[in-house]
Amino acid sequence: MNNPMEDEPFYNDDDDAVGEDEYTRSEDSDSESESESEIEGIQQISDPNDLGDNTPEGTEIEIEGDFDRLIANIRVSDGASGSNMMTRDWDFNIEENEAEFRDELRAASGIGRKRRKTGRQSGPVLSQQVKALVGEGNQAYVDADIPSAIRIMQEVIRIEPRAASAWAVLAQCYSDLNEPKKELQLRIMAAHLRHDAEEWERLARSSKDMGYNQQALYCYRKLYSLDPNNVDALWDRASLAKEMGDLRTARHSYLAILKRFPHDLTVLSELRPLLIELSDLQTCATLFQFAFEHYSSVFPIPFSASDPTSISSPFAQMEVLCLTDLYNTLGQYEHAIHAIKRGCRWLQGRAAEKFWDVCEDDREFDLTEGTEASAGEAGLGAGTHREREGDVRPGLYPLDVNARHRLAIARIKMGDIEEGKMHANIVLSQDLLDYSPLFVEISDAYFDREMYAEASPLYELLGEDAATSNFGILLNAAACRRMLGNMREAVDLYKTVIDADPTHNEAKMKLAELYEIMDEPRKALDLVYQVIDSRGRNKNQREQGDTSQAGGVAHTSLFEETPRSKGRTPSRKMQKLTPAQLRELEEQKEKDVLRGYKRVEELWPKMLDKTHTEPDRSREEAEREWIFEAEKLVEMFRETRMLFLSTRNNPFRGMLPRKPAVKRDDQADEDRMASRLELMEQVNNARKSKDKEDKPTKVDIFRGVSFDNWLKLFMQYSFQLTKRGQYEVADEVLRHISFSNAYQSLGTQDTIRYALIACAISTGRYLVVVEQCRKLITTHQFNNEPIRILLASLASGLRPTDSFIVSTLQKHMLRELKINDTAVKNPETLRWVPTNRRYAVTGPKAGGDGEDPPDDDDEALQDEGSATSGEKPNVPCMPTKHNPITVTVYGQMCASAKSYQSAIFYLLHAYDYSPEDPLICLSLAIASIGRAMQRQSDNRHHLITQGMAFLSRYRALRKSSPKGIDEIEFNFGRAFQQLGLYSHAAQHYERVFELAEGKPSDDPGLAREAAYNLGQIYVMTGAIPLAQAIYRKWLSF
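Residues numbered from 1 in each chain as written. Predicted model: local features only at pLDDT ≥ 70, side-chain atom pairs only at ≥ 80, totals over all residues. Heavy atoms only, no water.

This brings us to the overall build of the protein chain. On a plain count of helices and strands, the protein chain comes out with 41 helices and four strands. In the protein chain, buried positions account for 44% of the 1037 residues. Intrachain contacts of the protein chain at a sequence separation of at least 6 include 65% that bridge at least 24 residues. For the protein chain, the exposed surface amounts to about 55,000 Å²; the carbon and sulfur share of it is 49%. (Helix = DSSP H or I, 4+ residues; strand = E, 2+ residues; numbered from the N terminus. Buried < 20%, exposed > 50% of the residue type's maximum accessible area, 1.4 Å probe, protein only. Contact = heavy atoms within 4.5 Å. Areas by Shrake-Rupley, 256 points an atom, 1.4 Å probe, with all protein chains shown as cover.)

Attention now moves to the packing of helix α38 (residues 965-979) against helix α39 (residues 982-997). Across the interface, α38 lies against α39 with an axial gap of 8 Å and an inter-helix angle of 160°. Between α38 and α39, the interaxial angle falls into the category roughly antiparallel. Taken as a pair, α38 and α39 cross one another with a handedness that is left-handed. Contact with α38, carried on its side by Ile965, Asp966, Glu969, Phe970, Phe972, Gly973, Arg974, Phe976 and Gln977, involves Tyr982, His984, Ala985, His988, Tyr989, Arg991, Val992 and Leu995 of α39 and no other residues of that element. Of the residues belonging to the contact of α38 with α39, the class tally is nine nonpolar, four polar and four charged. (Axes fitted to C-alpha atoms, helices over the stretch in contact; angles between N-to-C directions. Parallel < 35°, antiparallel > 145°, perpendicular 65-115°, else oblique. Left-handed = near helix turned anticlockwise from the far one by under 90°. Nonpolar A, V, L, I, M, F, W, Y, C, P; charged D, E, K, R; others polar.)

Time to look at helix α17 (residues 417-428). Taking 1.5 Å as the rise per residue, α17 with twelve residues should run 16 Å; its terminal C-alpha atoms sit 15 Å apart, in good agreement. Taken together, the buried positions of α17 are occupied by Glu419, Gly420, Met422, His423, Ala424, Asn425, Ile426, Val427 and Leu428. Where α17 is buried, its residues meet α16 (401-414), α18 (436-448) and α19 (452-464). (Expected span 1.5 Å × (residues − 1).)

Before going further, it helps to examine the packing of α18 against α19. Running from N to C, α18 and α19 cross one another at 150°; their axes reach a closest spacing of 8 Å. As summarised for this structure, α18 and α19 are arranged roughly antiparallel, according to the angle between their axes. Here α18 runs over α19; the crossing is left-handed. Packed against α18, whose contacting residues are Ser436, Phe439, Val440, Ile442, Ser443, Asp444, Tyr446 and Phe447, the element α19 presents Tyr452, Glu454, Ala455, Leu458, Tyr459, Leu461 and Leu462 at the interface.

Here the focus is the pattern of salt bridges. A complete count under the given rule lists 41 salt bridges for this structure. When the shortest N-O distance is used, the salt bridge between Asp362 and Lys341 registers 3.5 Å. You can see Asp362 sitting in the loop between α15 (333-347) and α16 and its partner Lys341 sitting in helix α15, a full 21 residues away along the chain. Of the residues examined, Lys341 reaches a relative accessible area of 6% and is grouped as buried. Its salt-bridge partner being Glu520, residue Lys523 comes within 3.3 Å of it at the nearest N-O pair. Under the relative-accessibility criterion, Lys523 is labelled partly exposed at 43%. For Glu520, a relative accessible area of 17% gives the class buried. (Salt bridge = Lys/Arg side-chain N within 4 Å of Asp/Glu carboxyl O.)

This part covers the pairing of strand β4 (residues 838-841). Here strand β3 (residues 830-833) runs beside β4; their pairing, made up of four bridges, is antiparallel. Across the sheet, Val833 pairs through a bridge with Arg838, a residue of β4. (Pairing = 2+ DSSP bridges.)

Our next topic: the nonpolar core. With 97 residues, the main nonpolar core has Trp626, Trp710 and Tyr743 as its most contacted residues. Setting aside anything within four residues of it in sequence, one finds Trp710 in contact with Val593, Leu633, Met636, Phe637, Phe702, Val705 and Tyr743. Leu268, Leu271, Phe288 and Phe365 belong to the second largest nonpolar core, which has 61 residues in total. (Core = buried A, V, L, I, M, F, W, Y, C linked by side-chain atoms within 4.5 Å.)

A few words on the side chain of Arg753. Within the secondary structure layout, Arg753 lies in helix α29 (residues 746-763). The exposure class of Arg753 is buried, given its relative accessible area of 13%. Residues in contact with Arg753, not counting those within four places in the same chain, are Gln772, Lys775, Leu776 and Thr779.

A rise of 1.5 Å per residue sets the reference length of helix α11 (residues 247-260), with its 14 residues, at 20 Å; its end C-alpha atoms lie 20 Å apart and thus fit the reference within 8%. Burial within α11 is extensive, with 14 of its 14 residues counted as buried.

Looking now at the environment of Phe950. Tracing the sequence through the fold places Phe950 in helix α37 (residues 940-958). Given the relative accessible area of 12%, Phe950 is considered buried. Separated by 22 residues in the primary sequence, Phe950 and Ser928 have C-alpha atoms spaced 9.0 Å apart. In this structure Phe950 touches Leu908, Tyr911, Cys921, Leu924 and Ala925, once residues within four positions along its chain are discounted.

Bringing unusual backbone geometry into the picture now. At Arg703, a position not held by glycine, the phi torsion is positive, near 55°. Here Arg703 is to be found in the loop between β1 (701-702) and β2 (705-706). In this structure Arg703 comes out as buried when scored by relative accessible area, which is 4%. Phi at Lys898 takes a positive value of approximately 65°, unusual for a residue other than glycine. By secondary structure assignment, the location of Lys898 is in the loop between α34 (884-896) and α35 (900-913).

Once that is clear, we can look at the packing of aromatic side chains. In the structure shown here, the tally under the stated rule is 27 aromatic pairs. Measuring from ring centre to ring centre gives 5.4 Å for Tyr911 and Phe950, while their planes differ by 85°; the resulting arrangement is edge-to-face. Of this pair, Tyr911 sits in helix α35 while Phe950 is found in helix α37, placing the two residues 39 residues apart along the sequence. Relative accessible area serves as the criterion here: at 21%, Tyr911 is assigned to the partly exposed category. Taken together, the aromatic side chains of Phe637, Phe702, Phe707, Trp710, Phe714 and Tyr743 make up a single cluster linked through ring pairs. Here the guanidinium or amino end of Arg350 rests over the ring plane of Tyr397, the centre of that ring lying 3.6 Å away. (Phe/Tyr/Trp six-rings, centres within 6.5 Å; stacked < 30°, edge-to-face > 60°. Lys NZ or Arg CZ within 6 Å of the ring centre and 35° of its normal.)

The next point concerns the environment of Thr748. Turning to its location among the elements, Thr748 is positioned in helix α29. Using a relative accessible area of 13% as the deciding quantity, one classes Thr748 as buried. Those residues in contact with Thr748, other than ones at most four positions away along the chain, are Leu711 and Tyr743.

Right, let's talk about the confidence of the model for the protein chain for a bit. Residues at a pLDDT of 70 or more form 72% of the protein chain, whose mean pLDDT is 76. Scored below 50 in pLDDT, residues 659-664 shows two contacts in the model against residues more than four places distant or in partner chains. (pLDDT = per-residue confidence, 0-100.)

This is the structure in structure tokens:
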């Protein structure tokens, strides 16, 4: 049977998570990029009725494709032939269609792209045999011969499954036989061929009433595909999925509603607990941040003029607190502080007072002078005021205790301890029973910051009252006592927990650790044995429970209605493959890769076609096919987890699994501790040995293609994407493969960075050029070639110059300059750091000269494990004389930033290192004349004389080069032009013209630049005809 949906839809990079398992699809296949694309979709939609490219014809074809897949599955399970294909209960997994539905939701909002379908196909043309059978079946039904009608219509379906009338008559037959479940199955199959939204809605309700929830979700999906304006269908689907515990399906449905009704708080209130349960806090925070920005702009004054206490905005204090909690949980404490301060300011009608954001502290919400919060027990409420410095006086505005609590948490966790303690003391002055959750969170914040002296009295206060005490508080209190050195008090607290709950294994293990520290191994060993026995009993009970719950319940739904298990129970799709099956699957994938790579190599010459022997249309077709084949190979490589391990130092060892490493778990820790304690009891001087594993062997080939050829393919693919205007995708691909274990060698990392630089130059992303060149300079210390690459990449132009003088690059070059200087003057102060493979200044002199800390993580140096070059044979040698290039480049940066005085200082150092370099002399001349033209110059004539002296020195060094004569004349003309000596400048520019006339026409040298400058001189002096003559001769094409 021909299946028009066999071709998979084309997804963009946001559709599937990178790094998905090769052989199993986990429940977490939705990546964070998908969440980001959905959020962007919410922001981009301006017209809720704009559904993008979701045409009715394409939707109907997709639904009929689902029908074909269902029929194919029926034939696989029941046999391709035979008339009994309708006699079994059908059972399909709805997860196979879920990814496609999420793609439809994104496409409905204009996100993503899908391959266009071919023209709409009408219903099948029935053969005379099928028409005759349909007529016989109808007549049998009219004659009330139900068994014959069923038999005939089943035969019709076997011959032509798309005969809609046969499904309808068959469903009616089962309705007359009072078998509603089979009737529902058949009506769902028939609905695939009719494309009636109301029919799908009835089927969804019927499925839900019968308890077939997965089937109901499927029907709601088809309903939304046919009627994208039916938001009720999405809401019903989300509510049903939420009841079933299918949080991801509910999440996607609610996000689709939110795209039609942006910032709706009812939807956000339903979506928030789902995103929290799914640990997608970043998406939740982004949605609430968008909602806050929306409502703060719609309601500049959120309360009515008659009643300032009544908030008219739907987005009120509770939502602001929720947004702050999300930021605090994500660790984005600065965002949390900004959200609470800006939100409370807006709720108080002071949104225009943005000047408070300049203050780094929270003086805006200080308590009124003379108003002290009532001190709690043990002085917990003390210290509720701080002395403020600066011109801005405290605002003394009120702040709700819940909002102040969030502010305290953010300040404490971000390290602003004093400010956080002030807010915490104000909160702690409240009644304990009324605000016990706030007390607990402040205590936990102190505990997380290892401020045990502040956390200990709070935990003690909470533990004294039965209404606020629990095991977690007591365990944290005991940990505080232990960290403060009060071992006996910590032991008493752990004993209290164990007495209250004898099965609390965590408390027993903590107490055993304390006993071990206190040199009481017998008590510790008894506790460890208790924990081991307890875990063994719990494991047996779980296995018995799993055995008793095994077995399925028969049903007649089209889909699997058994809820998806989050445990280790293997499902039909998640079962592990045997080694033989894995080997067979890998061999098939290798054949596919070799076939695709061969096709890519065949298309590459046709796509380039340097001889222009192929017509343009043929080249375009070859390019499209090459991009398509290369994309499949690239995405397949990027989705292979074995190539992107968390430990980059481990090389790729092939796709077939090896002996798994032993994982460390609680039981192993307990066994190790028990063994250790027994040894302490019996043999105090026992020896411990560790087995050393052999180094893994490295594999240089992946699925029949060498890694060098893979890298070549990645670069070609990225270059083609950049040419087609998809630089972001090319940059993402190259950055992603740089994390692969296959490309961690120094040479391949450099190659990838060269490709990133090339793509960035092509699109004018010069900040990316600077970023990658900095990494090259960092990697190749004391090497001038990366600096030359930087200079060549930022050759000329306004935007390259702006990137050349960016502050981060200047600081980086200054650090390199200082390390080079230290290597020559004080080499004994430098140590080799193996972690970063660089020399670094160590000891008391490190950072002592006011050196700024490095900006990048890869430049953060550690002093541990350092070694001198004499101790490591592979360590590069340090320089023995000064390097003029580094100093010259830094001086040129200062000159480009118009810091001429600093430029002169560094360039004079470079001149001392290499006085015969004409470029250094020219740079000194430019810096000297530039400084002379500034108002701050105190000796203008001396600087001009110095500049002309260096310029003359430059001419003497450069004139020996045959190509340097016109360059000399141009630079002299440019210097005189800047000084205002236009007659002298004109003479030198005219000399450039004379030299250019003696050269070939295709190489005018610097004549065009000279013509432009001389034309400006003529225009400024009123010689317009002379300027026009120069423009016509040298600047006209």
